[in-house]
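For reference, the chains in residue letters:
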Amino acid sequence: TMVQLVEEMQPDILSASFKSSLSEFGVPDTVEVTSAVTVEPPTSSTTASSGSSGPSPTSPPPSTTLSPCGGTPNPASTVEGNFLLSYDLVDFNATAEELGKLKDTGTAAIQNSLALLIGHSVMAQDIQVSYMPVEAAFLQTKQSNLSIAVKVVFTFPCPQDIAPELLSQAVAQITEAELTTAMNDVFITAGIDAQVLNLKVSIITSTWFSGTPTTTTTTMSTTTTLPYTTEDVHPCASFDDFTPQAKMSEYGWCEYDASTANVSELACLDAGCQNYDAETPYCYCDTEVKCAALGLTWMYHTCEREMSAYMHGEYPALIETARKQGNCSGLETSWHQNIEQVLEWPARMCCKSWPKKLCDVNAELVTPCKDPADFMPDNILDHGAGVNFTCKETLMNWWEEYTLLENASKTGCGGLQTSWGEKLVDFVIHPATYCCRSKPATLCEPDLKPLSPCKDESDYHPEKVLHEWCDSPTATDCGAFGCEDHGGHCYCKTATSCEAAGGTWMTKTCGAEFHESVDRVMIKALNAAANGTSCNDLDVHGQSLADSISWSAITCCSNWPASICNKDAKRMTPCKSASDFNPDTVMWAYCDFYSNGATMPNASTCQAQSGCRGDEHWCDCSDQSSCEAVGGMWQSHSCEKEIEQWTPEHHEVLQAAEADGTCSGHLLHGHTKLEDLTHWPAQTCCPQSVCFPNVEKMTPCTHKADFLATKTVSSWCDLYPAPSEADCVAQNCTYHSEWYCECSTEASCVGAGGRFTASNCTSETAWWSPEVHKALKEAIDKGTCADIQAGWGSLEQVIQYPGGMCCDSGKTMCEDFAAQR
């Protein structure tokens with residue numbers, strides 16, 4: 001019978017007896033009996049009293065026979081568990097009454113969720129819930145930018161005929177996601193938008209013990225009668241690293257002791273606080289100002305208060321052992337609570353050099369950066385919705401995310417993702433943008449570099465303004481502020497007009513567009529191009545990289561059109577030599593009365609200004625001074641502006657033609673002949689064209705000396721509106737009708753109020769293309785114009801005007817050659 005009793009003896013009861021006996025001799029309670037297999041009759045016996053601590057593993061060995069509650073040897077057992085719960089009230093918009101109900105709803109959510117997930121006939125009403133610190137339990141206040149973390153401790157009695165080991169195991173098997181989802185469902189049922197609370201559950205642990213708990217912790221004292229102090233019990237690598245007055249949470253509370261506080265209900269309400277129970281007076285104040293107005297003390301849960309909870313039971317000995325061995329490896333409570341998990345949150349909040357801590361004195365901070373040295377801990381990381389933390393604070397508040405970073409630092413980011421399905425490689429981009437000097441490189445993509453679209457980074461001008469616009473102008477009368485009405489929206493071209501119209505003038509620099517960009521697609525494309533991939537093979541939001549940067553590179557790169565896509569490209573002109581180019585020569589100009597800042601004059605103002613003509617609906621001025629005098633804006637297009645409008649392909653085609661020594665066969669966009677593209681700008685801006693570099697300038701005459709360069713070929717009087725018949729005749733002009741007065745000389749035209757224009761042989765032949773001059777030279781050499789083409793037609797047709805009137809002989813060379821045959 002005795003042998004049978006020994007064989008049936010449970011390890012946990014024997015372990016408890018040993019601890020009780022050895023404690024009398026000062027032996028720490030770290031001894032643990034793992035099995036009882038001896039069959040020798042005992043020489044003495046020790047009986048464990050009911051309620052003695054006797055933990056058992058959460059997963060019983062296969063050979064163990066489980067004993068259900070309600071019988072021998074488990075007449076009464078209690079299961080205990082805990083988990084970390086974080087949430088915030090930043091977006092929790094509720095009335096004071098609704099806030100007051102939050103704690104009860106939160107507790108009910110925990111009870112119902114645990115009962116549902118544990119099963120085994122566990123009832124929600126039997127689950128007792130307490131909080132550490134108790135003051136932070138589902139706060140009944142709202143403070144901006146507030147995130148709360150609290151340890152939730154729960155206990156419940158073992159139901160009849162259920163083994164406590166199975167219950168403890170059921171708790172341990174609950175996943176963090178399952179408990180979070182179940183709690184959210186309860187909140188939703190109660191009419192609370194659970195999403196805005198941002199609930200998050202982590203580190204669920206459980207155990208069981210014989211008997212029932214005799215007390216429930218509701219407060220935490222900062223003093224202790226135990227022979228331990230925070231110098232002995234703290235989570236840091238050294239006591240010098242411990243910050244006892246640091247806050248475990250930004251949440252504070254008004255310390256109210258009904259036995260000593262002398263605050264009437266009226267005084268409580270006058271201070272803006274709430275009196276929750278008239279029978280048991282309790283005045284609740286949600287701000288430090290209100291609390292102080294009543295002479296009460298505003299408290300925070302400090303690291304010193306937190307660690308006082310670990311000066312009891314097994315924790316001090318475990319912490320001492322960890323300090324001696326230099327880590328927490330293999331250390332857990334008798335109820336199998338990992339000491340490293342227990343101390344992680346206090347270590348984060350209380351240790352100056354975290355992640356160095358008691359359990360890992362050599363730990364190095366893992367960051368989202370390419371290199372930890374690139375991390376900027378004091379930078380502000382925008383979390384959206386007005387919530388901002390420093391980069392270091394963000395890491396300290398990460399649990400799952402920080403574990404992922406630790407794993408990635410060892411094995412890489414491949415295959416790692418968050419519980420919500422986001423790949424780690426994508427998750428780290430946002431924090432790295434704000435927190436890492438080496439951005440856009442990250443822990444997951446360490447080789448990415450900040451690149452510009454330029455040939456070399458030395459060509460890059462990050463300070464130049466690339467985009468500028470007027471944001472949200474409020475004016476309804478756009479024209480009154482110098483803006484244009486575009487479908488009910490004011491379009492303002494200057495900062496002055498924008499601000500006058502109630503808008504904000506915005507600018508974006510080249511630096512913001514590229515080096516500071518968060519456009520990951522563009523960043524990766526530029527890096528790929530730098531590594532040799534063709535820009536035409538790189539897609540950036542539906543465009544090739546070459547097309548995506550073509551416009552930006554003009555402003556941002558000093559060596560444009562050379563770029564990261566074509567480092568050998570050079571700026572071309574339509575001229576035979578770049579040194580021949582005349583950038584300031586005006587190709588065309590006009591008086592603009594329609595753009596922002598211009599004003600259309602009335603007919604009398606326009607007609608009274610010398611050099612202008614018009615009526616009530618239009619006005620035309622021939623020169624800049626007269627244009628600006630009547631409210632217009634003189635718009636001129638120089639040779640330099642013409643070149644600036646060319647695309648990189650324009651320059652590439654010209655560069656290829658220059659290398660080949662001919663424009664023949666080179667097409668822009670696959671269809672436009674290069675000779676046609678350069679014809680007009682070359683005529684105005686160059687002495688010789690790039691496509692016809694050695695063409696001699698010719699005249700229509702057989703002998704150049706016969707050319708009458710200044711002879712007037714045609715002239716006309718631009719006279720609008722037409723003067724009266726009397727005024728027309730008085731200037732020796734011919735009156736045809738009320739619309740037409742013909743003046744043949746400059747003096748008569750000007751006298752009648754008109755604008756006299758004349759062309760001579762030089763101006764008329766200036767429009768001839770190089771092909772015409774080339775054809776004329778060919779005709780001189782051959783002594784005939786027969787079968788010689790000059791661009792669009794035969795040479796004889798092309799030079800027919802101005803023809804012989806510009807030659808002293810009265811004949812063109814073609815006519816001379818024909819007469820000689």
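You'll find the structure just up there.
For the structure given in this document, a descriptive report is provided here. Position numbers for residues start from 1 in each chain and track the written sequence from start to end. Local features are withheld for residues below a pLDDT of 70 in this predicted model, meaning they are given only at 70 or higher, and side-chain atom pairs are given and counted only at 80 or more; totals for whole chains, interfaces and linings count all residues. Excluded from the side-chain calculation are hydrogens and water; included are all heavy atoms of the structure.

**Focus: empty space enclosed by the protein**
- Using only the protein atoms, space was sampled on a 1 Å grid; points where a 1.4 Å probe fits but cannot get out form cavities, open sets with protein on both sides within 12 Å along at least five of seven lines form pockets, and lining residues are those with an atom within 4 Å of a point. Grid points are joined across faces, edges and corners, and a volume is the space filled by probe spheres set on the points. Within this structure, the stated rule accounts for 3 cavities of 30 Å³ or more.
- There is about 130 Å³ of room inside the second largest cavity.
- For the second largest cavity, the lining is made up of 17 residues, of which P440, F514, H515, S517 and I523 are closest to its centre.
- Put simply, DSSP marks the helices as runs of H or I at least four residues long and the strands as runs of E at least two long, and each gets a number from the N terminus on. Listing elements by their share of the lining of the second largest cavity, those giving two or more residues are α16 (429-435) and α19 (520-530).
- A total of 5 residues in the lining of the second largest cavity trace back to one element, the largest contributor, which is α19.
- Nonpolar residues are Ala, Val, Leu, Ile, Met, Phe, Trp, Tyr, Cys and Pro. Charged residues are Asp, Glu, Lys and Arg, and all others, Gly as well, are polar. Here the lining of the second largest cavity is built from residues that sort into 9 nonpolar, 4 polar and 4 charged.

**Some remarks on the side chain of T812**
- Tracing the chain through its elements places T812 in the loop between α30 (795-798) and α31 (813-820).
- Beyond its immediate chain neighbours, meaning those up to four positions away, T812 contacts P700, T702, I799, G803 and G804. Here a residue-residue contact requires only that any non-hydrogen atoms of the pair lie within 4.5 Å.

**Topic: unusual backbone geometry**
- Residue P440 is reached from K439 by a cis peptide bond, and omega for that bond is 10 degrees.
- Along the polypeptide, P440 turns up in the loop between α16 and β11 (465-471).
- The omega angle of the peptide bond from Y801 to P802 is 5 degrees, so this bond is cis rather than trans.
- With respect to the helices, strands and loops of the structure, P802 is situated in the loop between α30 and α31.
- Despite not being glycine, S121 shows a phi value in the positive range, around 70 degrees.
- When you line up the elements, S121 lands in the loop between α4 (102-118) and β2 (128-132).
- With a 1.4 Å probe rolled over the protein chains alone, any residue whose accessible area is under 20% of its type maximum counts as buried; one over 50% counts as exposed, and the rest are partly exposed. By relative accessible area, which is 58% here, S121 ends up exposed.
- Here the phi dihedral of N732 falls at roughly 60 degrees; this positive angle occurs in a residue that is not glycine.
- With respect to the helices and strands, the residue N732 is situated in the loop between α26 (725-730) and β24 (734-737).

**Some remarks on a nonpolar patch on the surface**
- The grouping of W588, Y590, W680 and W767 at the surface amounts to a nonpolar patch, some 460 Å² of accessible area in total.
- Tracing the sequence through the fold places Y590 in strand β17 (residues 586-592). Two joining distances apply to patches: 9 Å for like charges and 5 Å for nonpolar side chains (Val, Leu, Ile, Met, Phe, Trp, Tyr), and every residue must have over 30% relative accessible area and no salt bridge. Note on areas: Shrake-Rupley with a 1.4 Å probe; residue coverage comes only from the protein chains shown. Any Lys or Arg side-chain nitrogen found within 4 Å of a carboxyl oxygen on Asp or Glu counts as a salt bridge.

**Comments concerning the pattern of salt bridges**
- The tally for this structure, following the rule as stated, stands at 19 salt bridges.
- Of the charged contacts, one joins E445 and K524 as a salt bridge, the two residues approaching to 3.0 Å between their closest N and O atoms. With E445 in the loop between α16 and β11 and K524 in helix α19, this pair connects stretches of sequence that are 79 residues apart.
- Look at K524 and you get partly exposed, because its relative accessible area is 38%.
- One salt bridge in this structure joins K782 and E778, with 2.7 Å as the shortest N-O distance. Of this pair, K782 and E778 both sit in helix α29 (residues 770-782), separated by 4 residues, roughly a single helical turn.
- Judged by relative accessible area, K782 falls into the exposed class, the value being 54%.
- Each of R613, D620, D718 and R755 takes part in a single network of salt bridges with overlapping partners.

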